[in-house]
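Survey of secondary and tertiary structure
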Amino acid sequence: MQLTTPCPVAFTSKILSGRWKARIVWSLIRNQPLRFSAIRRACPPISDRMLTKELRQLEEWGLLSRKEYPVVPPKTEYRLTDLGDTLRPVMQSMADWGLSHRPEIVDGLGSSDQEASPRG
């Protein structure tokens, strides 16, 4: 993924883009460290393959860290790095906005559907 863009909003959007990255970061903000299976439960219906891919990318960018324990069965924990933790206010603002405005947007979708329907 190319991350170079002069627009700071576009850059942040690319970091949190897709269906899962923001949800993964939000789950770690709310409770960490988390094991792989706990993150998967927080992001249904993500597949193991997709979760692995997203976690690796977030780790590559330095937003989360992975700690593997030498035990059987394997145990791996994920947590936000200091850099990843700087997303906390961004994610909290997104959550607050979603809670505040979801009803009017969802209700608005229903009324706009009715307005767009031809009347006979």
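Quantities reported herein were computed from a predicted structural model and do not represent experimental measurements.

1. Quick word on the layout of surface pockets
Taken as a whole, the largest pocket spans an internal volume of roughly 280 Å³. Lining the largest pocket are Ala22, Arg23, Trp26, Met91, Met94, Ala95, Trp97, Gly98, Leu99 and Arg102. No other element matches helix α6 (residues 88–116), which puts seven residues into the lining of the largest pocket. A per-class count over the lining of the largest pocket returns seven nonpolar, one polar and two charged.

2. What about the environment of Ile105?
Checked against the element boundaries, Ile105 lands in helix α6. It is 27 Å that separates the C-alpha atoms of Ile105 and Leu28, two residues lying 77 residues apart in sequence.

3. Remarks on the pairing of strand β3 (residues 75–80)
The side chains of a regular strand alternate, residue by residue, between the two faces of the sheet. Looking at chain direction, strand β1 (residues 34–35) and β3 are connected through two bridges and run antiparallel. Residue pairing in the sheet places Leu34 in a bridge with Tyr78 of β3. Two elements, strand β2 (residues 64–69) and β3, share six bridges in a ladder whose sense is antiparallel. Along β3, the bridge assignment pairs Glu68 with Thr76. Hairpin connection, β2 to β3: the antiparallel pair is bridged by five residues.

Definitions and cut-offs
Residues numbered from 1 in each chain as written. Predicted model: local features only at pLDDT ≥ 70, side-chain atom pairs only at ≥ 80, totals over all residues. Heavy atoms only, no water. 1 Å grid on protein atoms, 1.4 Å probe; cavity = no way out; pocket = protein on both sides within 12 Å on 5 of 7 lines; lining within 4 Å. Points joined across faces, edges and corners; volume = space filled by probe spheres on them. Helix = DSSP H or I, 4+ residues; strand = E, 2+ residues; numbered from the N terminus. Nonpolar A, V, L, I, M, F, W, Y, C, P; charged D, E, K, R; others polar. Pairing = 2+ DSSP bridges.

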